[in-house]
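A closer look at the structure
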Amino acid sequence: MSDNETVTADRLLQEADSVFQSRDYAAARELYVKAADRAQQEFNRSIETEAQSQVARTTLLLGEKEKGRDILREAAAKASDSDPLGWSRYLGVRGRFEWQEGDLKTARETFDEMYVYCNTNALWGRAVDAAHMIAIVAESPEEQIEWGRRGIEAAEAAEEESWLGPLWNNLAGTYYDTKQFDSALACYLKAREYHWRFSGEVAKLYADYHVGMTYRLIGDLKQARSWLRPVLAWAERLENHSAIGQALEDLGEIEVVEGNNAEGLKLLLRARDEYKAAGFDTDWKEVWDGINEKIAKLQ
């Protein structure tokens, strides 16, 4: 894309959104900053609000929460509920900050407001986003399932199919957390269908992993292996230490269930090495402590 002065703020915002969807958050942030600057030159308050909000969101995703909060305050000063696109985007980012700060009650109120506002203003894709986030921050599993289903129905009605991978995935996660593994598997298979149509390679990799993982949990070890072995090879090709570790851990668990403790231990030790390479010993203590407990029982 050229830096020519004829490039409009609207085009810059569209380009930034496209890069954001590819998960290159640093590059997306640069483009959102340019979009905000160009919008200010064009006296386009709506796009300036959207772009500034997304600068805050990408800053949060890049691990700079306090800096992101300051940028969000600047966006709040520009945001107006008479501007549907700017206001809805701002609400979505504000709610995510509240969620990441652990204030689930306030985040829920923000996403409720966003859901009603977007439906009132026919912003169907953003209404789906709001429902998706309500399902994440809702307090009870029952409510998470209700809003997960509602988000899926809204995405289908609005033909926002690219949302269906994450929505089915989150619903599967709720069933997983409540140990309803048959329901989780059905949802992970649906999620995989849409991730393979609309998502990038890493999302596809994890979609396959979740299917294999859940087959293990329902006791179908043959099916679990048939999914997890290709996942492991794929993750190794990508040098994705997190995915390698997770696939190795599941394969190790299968060996232990089948009575092959020595082989299971080898796989779990390899999984621990991969988790360490992924930084889980400091960043994801629950997984790190769990793998060490499993290893200790076999040594």
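Look up a bit, the structure's there.
Counting starts from 1 at the beginning of each chain's written sequence and moves along it residue by residue. Per-residue local features are limited, in this predicted model, to residues with pLDDT of at least 70; the limit for side-chain atom pairs, both in listing and counting, is 80 or more; totals at the level of whole chains, interfaces and linings are taken over all residues. Only hydrogens and water are set aside when side-chain values are computed; all heavy atoms of the structure are taken into account.

Structural notes on the overall build of the protein
This is how the line gets drawn: For the purposes of this entry, the term helix denotes a DSSP run of H or I that reaches at least four residues, the term strand denotes a run of E that reaches at least two, and both are numbered from the N terminus. Throughout, the radius of gyration refers to the C-alpha atoms, and the reference size of a globule is 2.2 Å times the residue count to the power 0.38. In this scheme, a residue with accessible area under 20% of its type's maximum is buried, one over 50% is exposed, and one in between is partly exposed, where area comes from a 1.4 Å probe on protein chains only. Only the protein chains shown count as cover for residues, and all accessible areas are computed by the Shrake-Rupley method using a 1.4 Å probe.
Scanning the protein for helices and strands turns up 16 helices and zero strands. Taking 299 residues into account, the globule formula puts the C-alpha radius of gyration at 19 Å, and the protein, at 21 Å, falls close to it. Counting across all 299 residues of the protein, residues that qualify as buried make up 50%. Total accessible area computed for the protein in this model is approximately 14,900 Å², and 47% of it derives from carbon and sulfur atoms.

Digging into the nonpolar core
Heads up, the condition is: Nine residue types can take part in a nonpolar core, namely buried Ala, Val, Leu, Ile, Met, Phe, Trp, Tyr and Cys, and a core is a set of them joined through side-chain atoms within 4.5 Å. Two residues form a contact once any of their heavy atoms are found within 4.5 Å.
One finds Leu164, Leu167, Trp168, Leu171 and Ile291 to be the most contacted residues of the largest nonpolar core, which totals 47 residues. At the level of secondary structure, the elements contributing two or more residues to this core comprise helix H8 (141–157), helix H9 (164–177), helix H10 (181–198), helix H11 (201–217), helix H12 (221–238), helix H13 (241–257), helix H14 (261–277) and helix H16 (285–298). A per-element tally of this core places H12 first, with eight residues. Ignoring any residue separated from it by four or fewer positions in sequence, one finds leucine 171 in contact with Ile145, Arg149, Ile152 and Cys187. In this structure, Leu13, Ala16, Ala39 and Ile134 belong to the second largest nonpolar core, which totals 42 residues.

Brief notes about helix H3 (residues 45–61)
Basically, it comes down to this: Under the convention used throughout, the expected extent of a helix is 1.5 Å for every residue step, that is, one less than its residue count.
Look at H3: 24 Å from first C-alpha to last across 17 residues, which is about the 24 Å you get at 1.5 Å a residue. Burial of H3 is extensive: 15 of the 17 residues sit out of reach of the surface. Of the residues flanking the end of H3, it is glycine 63, one or two places downstream, whose phi is positive at about 85°.

Some thoughts on the pattern of salt bridges
To keep it simple, the criterion reads: Salt bridge, as applied in this entry: a Lys or Arg side-chain nitrogen positioned within 4 Å of an Asp or Glu carboxyl oxygen.
Taken as a whole and judged by the stated rule, the model has 26 salt bridges. Note that glutamate 101 is salt-bridged to arginine 69, the shortest N-O span being 2.9 Å. In this pair, glutamate 101 sits in the loop between helix H5 (84–100) and helix H6 (104–120) while arginine 69 sits in helix H4 (residues 65–78), placing the two residues 32 residues apart along the sequence. Given the relative accessible area of 39%, glutamate 101 is considered partly exposed. In this structure, a network of salt bridges that share partners links the residues Asp17, Glu50, Arg89 and Arg126.

Some details on unusual backbone geometry
Here the phi dihedral of phenylalanine 43 falls at roughly 55°; this positive angle occurs in a residue that is not glycine. Residue placement: phenylalanine 43 occurs in the loop between helix H2 (25–41) and H3. Under the relative-accessibility criterion, phenylalanine 43 is labelled exposed at 77%. Even without glycine at this site, alanine 122 takes up a positive phi of about 60°. Note on placement: alanine 122 falls in the loop between H6 and helix H7 (124–137).

So, the packing of H7 against H8
Two numbers describe a pair of packed helices, the interaxial angle and the distance between the axes. Put simply, the rule is: For helices, the axis comes from a line fit to the C-alpha atoms of the stretch in contact; other axes are also lines fit to C-alpha atoms, and the angle between any two N-to-C directions lies between 0 and 180 degrees. What sets the label is the angle itself: under 35 degrees gives roughly parallel, over 145 gives roughly antiparallel, 65 to 115 gives roughly perpendicular, and the rest give oblique. Each crossing is labelled by how the near helix is turned from the far one, with a counterclockwise turn of less than a right angle marking it left-handed and a clockwise turn marking it right-handed.
At a minimum axis separation of 8 Å, H7 and H8 run at an interaxial angle of 165°. With respect to their mutual orientation, H7 and H8 come out roughly antiparallel. Helix-helix and strand crossings are classified by hand; for H7 and H8 the assignment is left-handed. Residues Val128, Ala131, Ile134, Ala135 and Ile136 of H7 form the contact with H8, whose participating residues are Gln144, Trp147, Gly148, Gly151, Ala154 and Ala155.

Observations concerning the environment of isoleucine 291
Mapped onto the secondary structure, isoleucine 291 falls in helix H16. By relative accessible area, which is 0% here, isoleucine 291 ends up buried. Spatially, the C-alpha atoms of isoleucine 291 and glutamate 42 are 55 Å apart, while their sequence positions differ by 249 residues. Other than its neighbours up to four places away in sequence, isoleucine 291 contacts Glu249, Leu268, Ala271, Arg272 and Tyr275.

Some remarks on the environment of leucine 265
Its location among the elements puts leucine 265 in helix H14. With relative accessibility at 16%, the residue leucine 265 sits in the buried group. Sequence-wise, leucine 265 and glutamine 299 are 34 residues apart; in three dimensions their C-alpha atoms are separated by 7.8 Å. Not counting the four nearest positions on each side in its chain, leucine 265 is found in contact with Ile295, Leu298 and Gln299.

Thoughts on the side chain of threonine 58
By secondary structure assignment, the location of threonine 58 is in helix H3. If we ignore the near neighbours within four places in the chain, the residues touching threonine 58 are Phe20, Tyr25, Ala28, Arg29 and Tyr32.

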